[in-house]
Amino acid sequence: MTERFRVVPAAYVLLRREKDGRDQVLLQLRANTGYKDGHWAAAAAGHVERGESVVEAACREVAEELGVTVDPEDLNALCAMHRTGGTGLPIDERVDIFFECRRWDGEPRLMERQKAADIRWFALDALPEPVVPHERFILEHVRKGDVPPVVTFGFERPEPA
């Protein structure tokens, strides 16, 4: 019997607000994680745990990383992304579910200082550098208002020489 291929599911929550007439998103500056440290990323994101739905994971990650509470009804599903880093390792195959949220209880704050150096609001038309590439891809589509329901990322193959 052949072992089934496995992917790692993750939930991303883009907290959004309007301020001074500009659409903003809350981002965190990654630190000490071993993956894209020094890059800006969604302020709340993480793996779905065994027995947990992606919606439950999204709400849990917001509480753990930002200290605020999100009602599942306030999550708006944006996109499913199947991505790879191209290593061929099972840990490198991901399915990321992106949500946006415009309502929550509490004031977002940096809760996991061991994994993030900062959190800040940024206008979608003035994102910082660098942003984790697959997340920048989604944020650019959010800014343009044309987020595709399903996308792939990292599967592009170079042309043969």
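Report follows, based on the coordinates. Note that this is a predicted model, so its numbers are computed, not measured.

1. Focus on the pattern of salt bridges
Point 1. A complete count under the given rule lists 14 salt bridges for this structure.
Point 2. The salt bridge partner of E61 is R60, with a shortest N-O separation of 3.0 Å.
Point 3. For E61, a relative accessible area of 7% translates into the label buried.
Point 4. Residue classification places R60 among the buried positions, given a relative accessible area of 16%.

2. Brief notes about unusual backbone geometry
Point 1. Cis geometry is adopted by the peptide bond preceding P130, which originates at E129 and carries an omega value of -15°.
Point 2. For P130, the location among the structural elements is in the loop between β7 (116-123) and α2 (133-144).
Point 3. The phi torsion at N32 lies on the positive side, around 60°, for a residue other than glycine.

3. Brief notes about the environment of A116
Point 1. Position of A116 relative to the elements: it lies in strand β7.
Point 2. Residue A116 is classed as buried on the basis of its relative accessible area, which comes to 4%.
Point 3. Taking the C-alpha atoms as reference, A116 lies 9.1 Å from A43; in sequence the two are 73 residues apart.
Point 4. Once you skip the residues sitting within four places of it in the chain, A116 turns out to touch Q28, L29, A31 and L110.

4. Description of the packing of aromatic side chains
Point 1. All chains considered together, the criterion is met by four aromatic pairs.
Point 2. Here the aromatic rings of Y12 and F98 are separated by 4.4 Å at their centres, their planes lie at 25°, and the arrangement is stacked. One end of the pair, Y12, is in strand β1 (residues 8-19); the other, F98, is in strand β6 (residues 93-101), with 86 residues separating them in the sequence. In this pair, the class of Y12 matches that of F98, namely buried.
Point 3. Ring plane angle 75° and centroid distance 4.9 Å describe the contact between W40 and F122, whose orientation is recorded as edge-to-face. Residue W40 is located in strand β3 (residues 40-42), and its partner F122 is located in strand β7; the two are separated by 82 residues in the primary sequence.
Point 4. Judged by relative accessible area, F122 falls into the buried class, the value being 12%.

5. Digging into the layout of surface pockets
Point 1. Reported here for the largest pocket is a volume of approximately 610 Å³.
Point 2. For the largest pocket, the lining is made up of 29 residues, of which R30, Y35, A45, G46 and H47 are closest to its centre.
Point 3. When residues of the lining of the largest pocket are traced back to their parent elements, those giving at least two are β1, β2 (22-30), β3, β4 (44-47), α1 (54-66), β6, β7 and α2.
Point 4. Its residues assigned to classes, the lining of the largest pocket comprises 12 nonpolar, six polar and 11 charged.

6. Some details on the pairing of β2
Point 1. Within β2, seven of the nine residues are buried, leaving the element largely enclosed by the surrounding structure.
Point 2. Direction of pairing for β1 relative to β2: antiparallel, over a ladder of four bridges. The residue bridging E18 from the neighbouring strand is D23, located in β2.
Point 3. Both β2 and β7 contribute to a ladder of seven bridges, which runs antiparallel. Along β7, the bridge assignment pairs V25 with F122.
Point 4. Pairing analysis gives three bridges linking β2 to β3, with the strands arranged antiparallel. Considered in β3, the bridge of L29 is made with W40.

Each value, and the rule that gives it
- Residues numbered from 1 in each chain as written.
- Predicted model: local features only at pLDDT ≥ 70, side-chain atom pairs only at ≥ 80, totals over all residues.
- Heavy atoms only, no water.
- Salt bridge = Lys/Arg side-chain N within 4 Å of Asp/Glu carboxyl O.
- Buried < 20%, exposed > 50% of the residue type's maximum accessible area, 1.4 Å probe, protein only.
- Helix = DSSP H or I, 4+ residues; strand = E, 2+ residues; numbered from the N terminus.
- Contact = heavy atoms within 4.5 Å.
- Phe/Tyr/Trp six-rings, centres within 6.5 Å; stacked < 30°, edge-to-face > 60°.
- 1 Å grid on protein atoms, 1.4 Å probe; cavity = no way out; pocket = protein on both sides within 12 Å on 5 of 7 lines; lining within 4 Å.
- Points joined across faces, edges and corners; volume = space filled by probe spheres on them.
- Nonpolar A, V, L, I, M, F, W, Y, C, P; charged D, E, K, R; others polar.
- Pairing = 2+ DSSP bridges.

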